[in-house]
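Here is what each chain is made of, one letter per residue.
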Amino acid sequence: MSVTTLSDTLVHGGHLLRQQHESSSCNCVMTYAIFLPPQSEKHHVPLLYWLSGLTCNDENFSQKAGAFAMAAQLGMALVMPDTSPRDCSVEGENERYDLGTGAGFYVNATQPDWSRYYRMYDYITQELPMLLMQQHPLTGQTSISGHSMGGHGALICALKNPSKYQSVSAFAPISSPSQCPWGKQALGTYLGSDTALWQGWDANQLVQANVAAGVKPQALLIDQGGADPFLQEQLQPNLFLETCRTLDYPLDYQLRPGYDHSYYYIASFINEHLQYHAKALGLV
């Protein structure tokens, strides 16, 4: 796979690379950023995927989260993919902030036009991992995290792939997308009107399906700001919490009173999440 490096920035002794490549999953040029800690110059290192939220691209986390000092200390690589295909000339992809460009929702679209490009799930779980292993000194051990729409992405990637990730966490995730306006619009557009097909892309439904199938549960860490303006209408963590409580599913839920949905909130607690993943990855 051919990769073009757009930039290489030294930060906390490691290298932050922005790279582009032709994606077979999304049928367009995709951009991602990857932070390689200083330890990667001596040996292979494990990797944490960070999936960003609505309107974001590969740069938001890099510029605002303040994660690189801790990642460098731990010896953990971080990869930050884009949140959708871009400039694909799909009708409606640039009309709303919460659909299309910057809003791929980490699903594989099945509806006409969208299905040619909007296959972010395959991109995140199959194509990008293969490319990264070819391009960078990585051990193959991975964990996954994300924010809002990206928190939804992290949860479904882990729940749909038991044992693929050593650990999973999420900041303010859309954990029941089939029950909120953002999710209903995205799933309806990308997957069609048959709501039964939405269940495979809804963390709340996936937990129930995995438990029913006897799949070994993976512990989840969810962080939520108590003053998040999207808490009640869009995020509705109470639905996911109730499901996990009812099914005795392992969930560590951290409610942060007074914190909102912004990167100020993420920056306040990202080190706790990095340390959580580092333990699962055998770095501490």
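Owing to the predicted nature of the structure, the values given are computational and were not obtained by experimental measurement. Every residue gets a number counted from 1 within its own chain, in the order that chain's sequence is written. Per-residue local features are limited, in this predicted model, to residues with pLDDT of at least 70; the limit for side-chain atom pairs, both in listing and counting, is 80 or more; totals at the level of whole chains, interfaces and linings are taken over all residues. Excluded from the side-chain calculations are hydrogens and water; all other atoms, namely the structure's heavy atoms, are used.

Enquirer: Would you mind going over the overall build of the protein chain with me for this structure?
Expert: Along the protein chain, the regular secondary structure elements total ten helices and nine strands. The globule rule used here is 2.2 Å times the number of residues to the 0.38 power, and the radius of gyration it is set against is calculated over C-alpha atoms. The C-alpha radius of gyration computed for the protein chain amounts to 18 Å, which stays within 12% of the reference 19 Å derived for 284 residues, consistent with globular compactness. By principal-axis analysis of the C-alpha atoms, the protein chain measures approximately 50 × 40 × 35 Å. The rule is simple: take the accessible area with a 1.4 Å probe, protein chains only, and divide by the maximum for that residue type; under 20% is buried, over 50% is exposed, in between is partly exposed. Relative to its 284 residues, the protein chain shows a buried fraction of 57%. Taking contacts inside the protein chain between residues at least 6 apart in sequence as the whole, the part at least 24 apart equals 72%. Put simply, DSSP H or I for four residues or longer makes a helix, DSSP E for two residues or longer makes a strand, and each gets a number counted from the N terminus. Whether two residues are in contact is decided by their heavy atoms: any pair within 4.5 Å suffices.

Enquirer: What's the story with empty space enclosed by the protein in this structure? I'm lost.
Expert: A probe matching the size of a water molecule, rolled over the atoms, marks out where space remains unfilled. In this analysis, the protein atoms alone were mapped onto a 1 Å grid. Cavities are point sets where a 1.4 Å probe fits without being able to get out; pockets are open sets with protein on both sides within 12 Å along at least five of seven lines; lining residues have an atom within 4 Å of a point. Grid points are joined across faces, edges and corners, and a volume is the space filled by probe spheres set on the points. Counted according to the given criterion, the structure contains one cavity of 30 Å³ or more. Empty space within the largest cavity amounts to approximately 40 Å³. Forming the walls of the largest cavity are Pro 173, Ser 175, Ile 222, Gln 224, Pro 237, Phe 240, Leu 241, Leu 251 and Tyr 253. Those elements that provide at least two residues to the lining of the largest cavity are β8 (220-225), α9 (237-247) and β9 (251-256).

Enquirer: What is the right way to read unusual backbone geometry from this model?
Expert: Glycine aside, residues mostly have negative phi angles, and peptide bonds mostly take the trans form. Non-glycine residue Thr 55 carries a positive phi angle of around 75°. Counting through the fold element by element, Thr 55 comes out in the loop between β4 (45-51) and α1 (60-64). Here the phi dihedral of Ala 172 falls at roughly 45°; this positive angle occurs in a residue that is not glycine. Within the secondary structure, Ala 172 is located in the loop between β7 (168-171) and α6 (181-191).

Enquirer: I would appreciate a short explanation of α6 in the present structure.
Expert: Structural remark: α-helix, 3.6 residues per turn; residues separated by three or four positions point the same way. Among the residues of α6, Trp 182, Gly 183, Ala 186, Leu 187, Tyr 190 and Leu 191 are the ones counted as buried. For α6, the buried positions fall inside an angular range of 105° around the axis, keeping them on one side. Buried residues along α6 sit in contact with α3 (114-117) and α8 (231-235). Phi turns positive one or two residues past the end of α6, at Gly 192, with a value near 100°. Read the arc as the range of directions from the helix axis to the C-beta atoms.

Enquirer: Looking at this model, I keep getting lost on the environment of Ala 172. Mind explaining?
Expert: Ala 172 sits in the buried class, given a relative accessible area of 0%. Note: C-alpha distance between Ala 172 and His 12 (160 residues apart in sequence) is 28 Å. Not counting residues within four places of it along the chain, the set of residues in contact with Ala 172 comprises His 147, Ser 148, Asp 223, Gln 224, Asp 228, Leu 235, His 261 and Tyr 265.

Enquirer: Just to check I follow, could you spell out the pattern of salt bridges for this structure?
Expert: As a working rule, side chains carrying opposite charge can pair if their charged atoms are close by. Salt bridge, as applied in this entry: a Lys or Arg side-chain nitrogen positioned within 4 Å of an Asp or Glu carboxyl oxygen. As enumerated under the stated definition, the model contains seven salt bridges in all. As a salt-bridge pair, Arg 86 and Asp 82 come within 2.6 Å of each other at their nearest N and O atoms. Overall, the relative accessible area of 5% leaves Asp 82 in the buried class. Salt bridges sharing common partners tie together Arg 18, Asp 58 and Glu 59.

Enquirer: Sorry if this is basic, but what is going on with the environment of Tyr 259 here?
Expert: With respect to the element layout, Tyr 259 can be found in the loop between β9 and α10 (263-280). Through-space distance from the C-alpha of Tyr 259 to that of Ala 227 is 5.2 Å; in sequence the pair is 32 residues apart.

Enquirer: Which parts of the structure should I look at to understand the layout of surface pockets?
Expert: Size it by volume and the largest pocket reaches roughly 210 Å³. Lining the largest pocket are 14 residues, with Leu 54, Thr 55, Cys 56, His 147 and His 261 sitting closest to its centre. Charged means Asp, Glu, Lys or Arg here, nonpolar means Ala, Val, Leu, Ile, Met, Phe, Trp, Tyr, Cys or Pro, and polar covers whatever is left, Gly included. Looking at the lining of the largest pocket residue by residue, the class counts come to six nonpolar, seven polar and one charged.

Enquirer: Got a minute to help me understand the packing of aromatic side chains in this structure?
Expert: Two descriptors summarise a pair of aromatic rings, namely the distance from one centre to the other and the angle between the planes of the rings. For Phe, Tyr and Trp, rings pair up if their centres lie within 6.5 Å, where Trp contributes its six-membered ring, and each pair is then called stacked (planes under 30 degrees apart), edge-to-face (over 60) or tilted (otherwise). Summed over all chains, the structure comprises twelve aromatic pairs. Between Phe 35 and Phe 68 the ring centres are 4.7 Å apart and the planes differ by 25°, which places this aromatic pair in the stacked class. Taken as a pair, Phe 35 in strand β3 (residues 28-36) and Phe 68 in helix α2 (residues 68-74) lie far apart in primary sequence, 33 residues in all. Each member of the pair, Phe 35 as well as Phe 68, carries the same accessibility label: buried. Arranged with centres 4.9 Å apart and planes meeting at 45°, the rings of Trp 182 and Phe 230 form a pair that is tilted. In this pair, Trp 182 is assigned in helix α6 and Phe 230 in the loop between β8 and α8, connecting sequence segments 48 residues apart.

Enquirer: Hey, could you run me through the side chain of His 261 in this one?
Expert: By the element assignment, His 261 lies in the loop between β9 and α10. Classification of His 261 as buried rests on a relative accessible area of 12%. Apart from residues no more than four positions distant in its own chain, His 261 is found in contact with His 147, Ser 148, Ala 172, Asp 228, Pro 229, Phe 230 and Leu 235.

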